[in-house]
Amino acid sequence: MAGVPDEMEEDRRLPPGQYIPRGRPVVHYGRVPTFRPERWNLMVFGATAAGGNATLSWPEFAALPRVKVIADFHCVTRFSTMGNEWGGVAPSTLMELFPPAPDVRHVMIWAEYGYSANLRLSDFTAPDTLFATELDEEPLSPERGHPVRMIVPHLYAWKSVKWVRGVEYLREDRRGFWEERGYHNIGDPWREQRYSYQEEPGEGPP
Ligand SMILES: Nc1nc2c(c(=O)[nH]1)N[C@H]1C(S)=C(S)[C@@H](COP(=O)(O)O)O[C@H]1N2
Ligand SMILES: [Mo]
């Protein structure tokens, strides 16, 4: 908007309790895995429509149609990075290749070393959710999740799983790594859904 400083625009995009730091912090638990293309695959499993598991090799994944998403990113530790330009593969593309059973309502995203995060199917298929392979038109750096990370901009960033290796279709919701350790099952930053004690009935598995 003419005459309005970028910072004012960004303030309106900042969820409650968040701030904009200098630079783009890198945050994760544990080590950065080494990418070996010949060993890498993405497994789609759980309640698939076809009944079995499917895997995509790195060349197969890299050949999928690509999209771009420009989005802000909100970590529950209160920093937000604004206007990130991600490139990658839409979850709907993967779901068309490997459809879930009709009664699937949730997914678990799995990473190297067993990190995981659960999402409602509606969050997984939201238009801003992406399997990102690029940030600012460059391949992701190893510490940002190379070769593929999930980006779920409308939820707290622990749901944006780096080093993705699996998608598990779930008929019933199950908690992922941080959701089991006291973080909110849904994690909407605009509602400040930070911790599991804030969950209302129906927002998490019993
Ligand atoms: N595999 C994996 N993915 C992860 C994490 C992790 O520990 N392991 N940490 C999450 C958290 S808490 C945040 S804030 C973001 C940080 O992403 P960034 O390093 O690109 O800022 O990655 C998320 N994805
Ligand atoms: Mo985070």
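The coordinates are above.
Presented here is an overview of the structure given in this document. Note that the coordinates shown come from a computational prediction; the quantities given were computed from them, not determined experimentally. (Residues numbered from 1 in each chain as written. Chains lettered and ligands numbered in written order. Predicted model: local features only at pLDDT ≥ 70, side-chain atom pairs only at ≥ 80, totals over all residues. Heavy atoms only, no water.)

**Observations regarding the pairing of strand E4 (residues 80-89)**
- Across the 10 residues that make up E4, a large majority, 8, are buried.
- Where strand E3 (residues 67-74) lies against E4, 7 bridges are found, and the strand directions are antiparallel. Bridge pairing links Phe73 to Thr81 in E4.
- Taking the residues between adjacent antiparallel strands as the criterion, E3 and E4 are bridged by 5 residues, where Arg78 takes a positive phi near 95 degrees.
- Judged from the 4 bridges that link them, E4 and strand E7 (residues 130-135) form a sheet pairing that is antiparallel. (Buried < 20%, exposed > 50% of the residue type's maximum accessible area, 1.4 Å probe, protein only. Helix = DSSP H or I, 4+ residues; strand = E, 2+ residues; numbered from the N terminus. Pairing = 2+ DSSP bridges.)

**Section: the site of ligand 1**
- Around ligand 1, the surrounding shell holds 17 residues, and the nearest of these are Pro25, Val27, Tyr29, Arg149 and Lys162.
- The separation between an oxygen atom of ligand 1 and a polar main-chain atom of Val27 is 2.9 Å.
- With respect to ligand 1, the backbone of Ser160 contributes an N or O atom lying 3.0 Å from a nitrogen atom.
- In the complex, 96% of the free accessible area of ligand 1, which totals 530 Å², lies under the protein chains. (Near = heavy atom within 4 Å. Polar contact = N/O pair within 3.5 Å; in protein donor to acceptor, adjacent residues only side chain to side chain. Areas by Shrake-Rupley, 256 points an atom, 1.4 Å probe, with all protein chains shown as cover.)

**Looking at unusual backbone geometry**
- Backbone torsion omega between His146 and Pro147 reads 5 degrees, so that peptide bond is classified as cis.
- Mapped onto the elements of the fold, Pro147 is located in the loop between strand E8 (138-139) and strand E9 (149-151).
- The phi dihedral of Arg78 is positive, around 95 degrees, even though this residue is not glycine.
- Within the chain, Trp163 stands out as a residue other than glycine whose phi angle is a positive 55 degrees.
- Mapping Trp163 onto the fold places it in the loop between E9 and strand E10 (164-170).
- Judged by relative accessible area, which is 7%, Trp163 ranks as buried.

**A look at the sheet that holds strand E6 (residues 116-120)**
- Strand order in the open sheet formed by 5 strands is E2-E1-E10-E5-E6, and the pairing between neighbours is mixed. A single partner strand is all that each edge strand has here, and the edge strands are strand E2 (54-57) and E6. The average angle at which neighbouring strand axes cross in this sheet is 15 degrees, direction not considered. (Axes fitted to C-alpha atoms, helices over the stretch in contact; angles between N-to-C directions.)

**Here's the deal with the packing of aromatic side chains**
- One pass over the full model with this rule turns up 16 aromatic pairs.
- Their ring planes at 85 degrees and their centres at 6.1 Å tell us that Tyr29 and Trp178 sit as a pair that is edge-to-face. Of this pair, Tyr29 sits in the loop between helix H1 (6-12) and strand E1 (41-46) while Trp178 sits in the segment after E10, placing them 149 residues apart in sequence.
- Between Phe61 and Phe131 the ring centres are 6.4 Å apart and the planes differ by 85 degrees, which places this aromatic pair in the edge-to-face class. With Phe61 in helix H2 (residues 58-62) and Phe131 in strand E7, this pair connects stretches of sequence that are 70 residues apart. We note that Phe61, like Phe131, is buried. (Phe/Tyr/Trp six-rings, centres within 6.5 Å; stacked < 30°, edge-to-face > 60°.)

**With respect to the pattern of salt bridges**
- Applying the stated rule across the entire model yields 16 salt bridges.
- Its salt-bridge partner being Arg165, residue Glu112 comes within 3.0 Å of it at the nearest N-O pair. Placement of the pair is Glu112 in the loop between strand E5 (106-111) and E6 and Arg165 in strand E10, with a sequence separation of 53 residues.
- When its relative accessible area of 22% is taken as the criterion, Glu112 is described as partly exposed.
- Salt bridges linked by common partners bring Glu9, Arg12, Arg13 and Asp72 together as one network. (Salt bridge = Lys/Arg side-chain N within 4 Å of Asp/Glu carboxyl O.)

Nothing here speaks to function; it is geometry throughout.
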